[in-house]
There are 2 protein chains.
Amino acid sequence: MGLEAFFKPKSVAVIGASRESRKFGHVIFKNFAQSEFEGKTYPVNPKAEKILGFKVYPSLKEIPDEVDLAVIALPAAIVSSAINDCLSKNVKAAVIISGGFKETGEKGEKLENEIKKRITVSNLRIIGPNCIGIYDPTSHVDTLFLPTYRLRRPKPGAIAFITQSGAFGAAILDWASSQDIGISKFISIGNKIDVDEVDLLNYLAEDSLTTCIILYVESIERGREFLKVASKVIERKPLVVLKGGTTPEGANAALSHTGSMAGAANVYKGAFEQVGAIQAQNVDELFDYARVLAYQPIPKAQTDVAIVTNGGGFGVISTDEASRLGIKLASFNKETTKTLKENLPDYAIPRNPLDLVGDADAERYRMALNAVASDPNVGVLLVIVLPQTSYIESDVVDAITECQVTYRKPIVVCSIGGNFTQVMAKMLEEEHIPTYVTPERAINAINALLMYRKVLEDKKRKQRRTEAAK
Amino acid sequence: MGLEAFFKPKSVAVIGASRESRKFGHVIFKNFAQSEFEGKTYPVNPKAEKILGFKVYPSLKEIPDEVDLAVIALPAAIVSSAINDCLSKNVKAAVIISGGFKETGEKGEKLENEIKKRITVSNLRIIGPNCIGIYDPTSHVDTLFLPTYRLRRPKPGAIAFITQSGAFGAAILDWASSQDIGISKFISIGNKIDVDEVDLLNYLAEDSLTTCIILYVESIERGREFLKVASKVIERKPLVVLKGGTTPEGANAALSHTGSMAGAANVYKGAFEQVGAIQAQNVDELFDYARVLAYQPIPKAQTDVAIVTNGGGFGVISTDEASRLGIKLASFNKETTKTLKENLPDYAIPRNPLDLVGDADAERYRMALNAVASDPNVGVLLVIVLPQTSYIESDVVDAITECQVTYRKPIVVCSIGGNFTQVMAKMLEEEHIPTYVTPERAINAINALLMYRKVLEDKKRKQRRTEAAK
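First things first, this report covers the structure right here in the doc. Here the structure is a predicted model, which is why all the values come from computation and not from measurement. (Residues numbered from 1 in each chain as written. Chains lettered and ligands numbered in written order. Predicted model: local features only at pLDDT ≥ 70, side-chain atom pairs only at ≥ 80, totals over all residues. Heavy atoms only, no water.)

## So, the sheet that holds strand E6 (residues 93-96) of chain A
Residue and element names in this part refer to chain A.
For step 1, the next point in the chain: Strand order in the open sheet formed by 5 strands is E2-E1-E5-E6-E7, and the pairing between neighbours is parallel. Looking at strand neighbours, the two that pair on one side only are strand E2 (40-44) and strand E7 (125-127), the edges of this open sheet. Each strand of the sheet is rotated relative to its neighbour by a mean of 20 degrees, with strand direction disregarded.
For step 2, the next point in the chain: Sheet analysis places strand E1 (residues 11-15) next to E2, joined by 5 bridges and oriented parallel. Bridging from a neighbouring strand, Val14 pairs with Pro43 of E2. (Pairing = 2+ DSSP bridges. Helix = DSSP H or I, 4+ residues; strand = E, 2+ residues; numbered from the N terminus. Axes fitted to C-alpha atoms, helices over the stretch in contact; angles between N-to-C directions.)

Below is the structure:
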């Protein structure tokens, strides 16, 4: 069975809906009842009559309607009987929020296996247990039991995010929202009793709203299927992976976290490499990479980078970082050099990295970006804007977006500072031009683009070889 | 001559003070005239009579008073004659803001050499040219020509920051202010015609307000003196260094930025290692390291780390990172394990990393932090707080600061999220407990503490050997 019922249910039952405002079952019910969710929402609780004005059903079977999705927020011990009810009612999908299963030891594992066994011959699909479930900003399915005043929900965007750790996911969503980063779908998979990363990759490959997928995992059980599916998906959209438990100590910690064997680091590393996943080395890189991969074009034939800056030091540092990562800086051609020479003040030198000097304004950026982006030697642009000078106004954002629209070459921006910088960064983010706080992270993001480009090329080469061999 | 006149002048002349609000000479004069700066301020400009209500002097010599510090914001070509005036007037210190010297080529280098020659036999000390000069939040000396609505000034703190790149410094100051990070003294040294990093290290070693020094350099000309002075300073306070131009390409870019030969990367690396400087690999690390080194105690005999978290995934990731950096996680002793077992809910496991589980509140943190910090096996604490659950209120900050005050062991915090997280992070920063957005960066900061600890131990060992040999 497909996963559509998780993301676009026509009706939802919240089993364990509560009247107490801090209880998970209350928050989840409220998310559906008071949002723009267009389906029907039914609270289920034998001990309540009304919640937020809604009639409460004592059990699932009393609901006089089909139920596509059940969200279960009950103590572990009685989840199994709720699943029985779902099966009787022909519910299509269930999210089990509850913890207290495999991650807590033998007793919990037993409870989990019981449920597992029961659903094998059914059509019911399950996400969880021990998870925070789903957040879909388009359909407004939101099983996050954390109140919005604590966990701000990010706006719709092109990045899908699958995580094995719920708290990790919650923290990142809250952060993403504060950075104006958009999400297409968020799924916390927890103990993966049924639906796992393989199923979700398959589903997200077809999701037209998603252009980049992020995955945090501590373990992958269906290794062979993962290799097959991931490899296919990556032909269509980039996959950024962060693996938790890559050291023996970390793997040990993972065991008591999601009850999963994290497995040998080099096996995972090799597998990710084989399928062409972009491996993040840390939490910063996850979104540093995803933001550029989701929205910026993959560079065409030419991959050399032009750096345009109004601060020399940041030019030096980003050149260092590019060199360290084996990224080549473009040599400007004669025409570009001539244009720059003619239009820059004589204390600025027309070379790459191009230091427009401290008194550069939007006009000078516009001139330089046009000259540089039209140069066939330039494949990618890094624009550094230090907006501490009063020459910089937010119209520099227009100069950058115009350049993007005109030349369709990938652009990333580096900008660091206080309030004004943050406003400018959000303006750029709105235009889908990813902005980074440090030059190293900006260059590193460009590197992710170049890595994915290489992955696609390798895949094409392999395909051609396979076809030729036929 | 000492550098006191730069940081605590009794009187300041701004040469090139202007009436036009965006001109450098205007902003700088305003910084002195309208701040809490306690000395006298004299605007010098032959073409104006009044600026901001102050009487303007046509030349330095007309000022009927001694001048300790002259700030020069004039076109490069006439700076030399302003320096002559400073010499005649016995000015003690001058900051030359103006660019257009060595960094622009031969002609500028000539101008620079002229000034250099002239001051060799005088008592006048010069910072610059091609710099943004000084920001001292205690004495309110502020030669930054960038208006405060663009470049917010950070509050007083314990970190001194020396930078060869002005724009880099300006951007970082603005950012530091937005993060509530305090600065003791900021000095942009530009082309280093006279005062350089060696002089400043010497001066800052004695500065009681400074507990950690940050240095961004592209080149060090007085290598031998640097080795001697830095080595001495580092016995008293940590020095964090970021070197620009560590690759041939970056070094080339540095040449046209500050007109300096960046030199072989490995020579610098070796030198920094030799004196015991903590080397930042990127801009993030500069302040990630400085924030912990400036305020947290150096761990004593025991250096093993305890990780306390309410999110398992972040426990896993930080354990991975610790393992990667060779940082050992502490084994809790029997007493600690017993206390934890008795006081934690039974779905939490009393081990390191210690996952307090999603429903942990301040009381559970307090209990756990007390148990863990009192354990002699624990040298350093990493406290991870994911405040997306409604169990976390800002009183968790009290639990953390109480733990610090009681046990005097180093603590760093990891917390990521939106508005509420940022408020909490600022509360912690106020209490001088450094807070990091990702677990990797928090562990990396702990590593900086351990690196400095090792530096101090090595220095002591060497001293003992030297003394024994006598």
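## Points about the interface of chain B and chain A
For step 1, the next point in the chain: With 73 residues of chain B at the contact, the number on the chain A side is 74 residues.
For step 2, the next point in the chain: Approximately 5,200 Å² of surface area, both sides summed, lies buried where chain B meets chain A, with 58% of it carried by carbon and sulfur atoms.
For step 3, the next point in the chain: Along the contact surface separating chain B from chain A lie 6 salt bridges.
For step 4, the next point in the chain: A salt bridge links Arg150(A) to Glu393(B), with the nearest nitrogen and oxygen atoms 3.0 Å apart.
For step 5, the next point in the chain: Counting across the interface, chain B meets chain A through 34 residue pairs in polar contact (both at pLDDT 80 or more).
For step 6, the next point in the chain: The greatest single-element share of the side of chain B that touches chain A, amounting to 9 residues, is contributed by helix H11 (residues 312-324) of chain B.
For step 7, the next point in the chain: A per-class count over the side of chain B that touches chain A returns 30 nonpolar, 28 polar and 15 charged. (Contact = heavy atoms within 4.5 Å. Buried area = accessible area lost by both parts, 1.4 Å probe. Salt bridge = Lys/Arg side-chain N within 4 Å of Asp/Glu carboxyl O. Polar contact = N/O pair within 3.5 Å; in protein donor to acceptor, adjacent residues only side chain to side chain. Nonpolar A, V, L, I, M, F, W, Y, C, P; charged D, E, K, R; others polar.)

## Topic: the packing of helix H14 (residues 395-407) of chain B against helix H15 (residues 419-430) of chain B
Residues and elements named next belong to chain B.
For step 1, the next point in the chain: Contact pair H14 / H15: the axes reach a minimum separation of 10 Å and the direction vectors enclose 25 degrees. Between H14 and H15, the angle is such that the two are roughly parallel. The handedness of the crossing between H14 and H15 comes out as right-handed. Note on element contacts: H15 touches H14 through Met424, Met427 and Leu428, opposite Val396, Val397 and Ile400.
For step 2, the next point in the chain: When grouped by side-chain class, the residues that make up the contact of H14 with H15 number 6 nonpolar, no polar and no charged. (Parallel < 35°, antiparallel > 145°, perpendicular 65-115°, else oblique. Left-handed = near helix turned anticlockwise from the far one by under 90°.)

## What to know about the side chain of Glu103(A)
Residue and element names in this part refer to chain A.
For step 1, the next point in the chain: Along the chain, Glu103 turns up in the loop between E6 and helix H4 (106-119).
For step 2, the next point in the chain: There is no salt bridge for the buried Glu103, and the closest opposite charge comes from Lys102, which lies 8.1 Å off by N-O distance.
For step 3, the next point in the chain: A polar contact of 2.6 Å, which involves the side chain of Glu103, links it to the backbone nitrogen of Gly100. (Buried < 20%, exposed > 50% of the residue type's maximum accessible area, 1.4 Å probe, protein only. Lys, Arg positive; Asp, Glu negative; His and termini not counted.)

## Things to note about the pairing of strand E15 (residues 305-309) of chain B
All names here are of chain B.
For step 1, the next point in the chain: With 5 of its 5 residues buried, E15 lies for the most part within the structure.
For step 2, the next point in the chain: Of the two faces of E15, the one holding Val305, Ile307 and Thr309 and the one holding Ala306 and Val308 are both buried throughout.
For step 3, the next point in the chain: As judged from the 5 bridges shared by E15 and strand E17 (residues 380-384), these two strands associate in the parallel manner. Across the sheet, residue Ala306 finds its bridge partner in E17, namely Leu381.
For step 4, the next point in the chain: Pairing geometry for E15 and strand E16 (residues 354-355), over 2 bridges, is parallel. Bridge assignment links Thr309 to a residue of E16, and that residue is Asp355.

## Details of the pattern of salt bridges
For step 1, the next point in the chain: Under the criterion given, the structure shown has 62 salt bridges over all chains.
For step 2, the next point in the chain: Across the salt bridge formed by Glu429(A) and Arg291(A), the nearest N and O atoms sit 3.2 Å from each other. Taken together, the positions of Glu429(A) in helix H15 (residues 419-430) and Arg291(A) in helix H10 (residues 283-295) put the pair 138 residues apart, joining distant regions of the chain. As far as the burial class goes, Glu429(A) and Arg291(A) line up, both buried.
For step 3, the next point in the chain: One salt-bridge network, held together by shared partners, links Asp284(A), Asp288(A), Arg291(A), Glu429(A), Arg441(A), Asp284(B), Asp288(B), Arg291(B), Glu429(B) and Arg441(B).

## Overview of the sheet that holds strand E8 (residues 133-136) of chain B
Residues and elements named next belong to chain B.
For step 1, the next point in the chain: Here we have 7 strands laid out as an open sheet, ordered E9-E8-E11-E10-E12-E13-E14, and mixed in their pairing. Since the sheet does not close on itself, it has two edges, and those belong to strand E9 (141-142) and strand E14 (278-279), each with one partner.
For step 2, the next point in the chain: As paired elements, strand E10 (residues 156-163) and strand E11 (residues 183-188) share 6 bridges and run parallel to each other. Paired with Ile159 across the bridge in E11 is Ile183.
For step 3, the next point in the chain: Lying on the sheet, helix H10 (residues 283-295) is in contact with E10, E11, strand E12 (212-217), strand E13 (239-243) and E14; it crosses E10 at an angle near 140 degrees.

## Section: the packing of aromatic side chains
For step 1, the next point in the chain: A complete count under the given rule lists 26 aromatic pairs over all chains for this structure.
For step 2, the next point in the chain: Geometrically, the ring pair formed by Phe168(B) and Tyr216(B) is stacked, given 4.5 Å between the ring centres and 15 degrees between the ring planes. Remark: Tyr216(B) occurs in strand E12 and Phe168(B) occurs in helix H5 (residues 166-178); sequence separation between them is 48 residues. With respect to class, Phe168(B) is no different from Tyr216(B); both count as buried.
For step 3, the next point in the chain: Between the aromatic rings of Phe226(B) and Phe272(B), the centroid separation amounts to 5.9 Å while the plane-to-plane angle is 80 degrees, which identifies the pairing as edge-to-face. Here the residue Phe226(B) occupies a position in helix H7 (residues 223-236), and Phe272(B) occupies one in helix H9 (residues 265-275), the gap between them amounting to 46 residues. One exposure class covers both Phe226(B) and Phe272(B), and it is buried.
For step 4, the next point in the chain: An aromatic cluster is built from Phe161(A), Phe168(A), Trp175(A), Phe186(A), Tyr216(A), Phe287(A) and Phe314(B), whose rings are joined through pairwise contacts.
For step 5, the next point in the chain: Between Arg150(A) and the ring centre of Phe420(B), over which it is positioned, the NZ or CZ distance is 3.9 Å. (Phe/Tyr/Trp six-rings, centres within 6.5 Å; stacked < 30°, edge-to-face > 60°. Lys NZ or Arg CZ within 6 Å of the ring centre and 35° of its normal.)

Purely geometric stuff here, so don't read any function into it on its own.
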